[in-house]
Amino acid sequence: MKRGLLILLTPPLAACRFGCAGCCAAPIGVFWITAIVSISYGLLGGPTHLMGPSLNTILLGAALWTIAAVWAAVTIRSADEDRCAKRSTRFCRGILAAGEEEADPFDEVRKAR
């Protein structure tokens with residue numbers, strides 16, 4: 001229930017919290033923020049400056065929000081299958097292994113003294 005509600009309301013937060021690849025949260029966030037802007041702009045009249053709401057612009061925002069929610073659901077579903085925990089994909093191995101191999105830059109500064 002919590003996951004489903006988070007996916008529908010804030011897809012980037014859901015992808016970041018329950019997904020394994022944090023890099024998916026940024027593009028999902030772009031779609032989601034664009035959807036919010038589009039819906040707001042549509043309610044104010046849209047690009048044609050209508051006196052009432054612009055239905056086409058509001059529908060565009062709803063479509064973008066749907067894309068973000070579906071993308072977040074797919075990201076969370078793939079994380080549930082433990083693809084990143086097993087490090088079976090090259091992408092996940094690269095992300096998870098990058099943090100382990102990095103040396104502390106301050107160690108090199110201390111050695112130079």
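Quick caveat: nothing in here was measured; it's all calculated off a predicted structure. (Residues numbered from 1 in each chain as written. Predicted model: local features only at pLDDT ≥ 70, side-chain atom pairs only at ≥ 80, totals over all residues. Heavy atoms only, no water.)

## Remarks on the overall build of the chain
The number of helices and strands found in the chain is 7 helices and 0 strands. Taken from N to C terminus, the helices and strands of the chain fall in the order α-α-α-α-α-α-α. The buried share of the chain, taken over its 113 residues, is 28%. Taking the contacts inside the chain whose residues are at least 6 apart along the sequence as the reference set, 50% of them involve residues at least 24 apart. Entry remark: accessible area of the chain is about 7,900 Å², with carbon and sulfur atoms responsible for 66%. (Helix = DSSP H or I, 4+ residues; strand = E, 2+ residues; numbered from the N terminus. Buried < 20%, exposed > 50% of the residue type's maximum accessible area, 1.4 Å probe, protein only. Contact = heavy atoms within 4.5 Å. Areas by Shrake-Rupley, 256 points an atom, 1.4 Å probe, with all protein chains shown as cover.)

## Concerning the environment of L60
With respect to the element layout, L60 can be found in helix α4 (residues 55–80). With a relative accessible area of 47%, L60 lands in the partly exposed category. It is 9.6 Å that separates the C-alpha atoms of L60 and T34, two residues lying 26 residues apart in sequence.

## Comments concerning the side chain of S38
Inspection of the secondary structure puts S38 in helix α3 (residues 25–43). Setting aside chain neighbours within four positions, we find S38 in contact with T57, L60 and G61.

## Topic: the environment of V30
By the element assignment, V30 lies in helix α3. The class of V30 is exposed, set by a relative accessible area of 52%. Expressed as a C-alpha distance, the spacing of V30 and L64, which sit 34 residues apart in the sequence, is 9.5 Å.

## Side note on the side chain of T75
Along the chain, the position of T75 falls in helix α4. Residues contacting T75, with those up to four places away along its chain left out, are A15, G19, C24 and I28.

## Quick notes on the packing of helix α2 (residues 11–18) against α3
Their axes nearest at 8 Å, the elements α2 and α3 cross at an angle of 165°. With respect to their mutual orientation, α2 and α3 come out roughly antiparallel. In the packing of α2 onto α3, the handedness of the crossing is right-handed. In this structure, α2 contributes P11, P12, A15 and C16 to the contact, and α3 contributes A25, I28, G29 and W32. Its residues placed into classes, the contact of α2 with α3 shows 7 nonpolar, 1 polar and no charged. (Axes fitted to C-alpha atoms, helices over the stretch in contact; angles between N-to-C directions. Parallel < 35°, antiparallel > 145°, perpendicular 65-115°, else oblique. Left-handed = near helix turned anticlockwise from the far one by under 90°. Nonpolar A, V, L, I, M, F, W, Y, C, P; charged D, E, K, R; others polar.)

Purely spatial values, then, with no claim about function.
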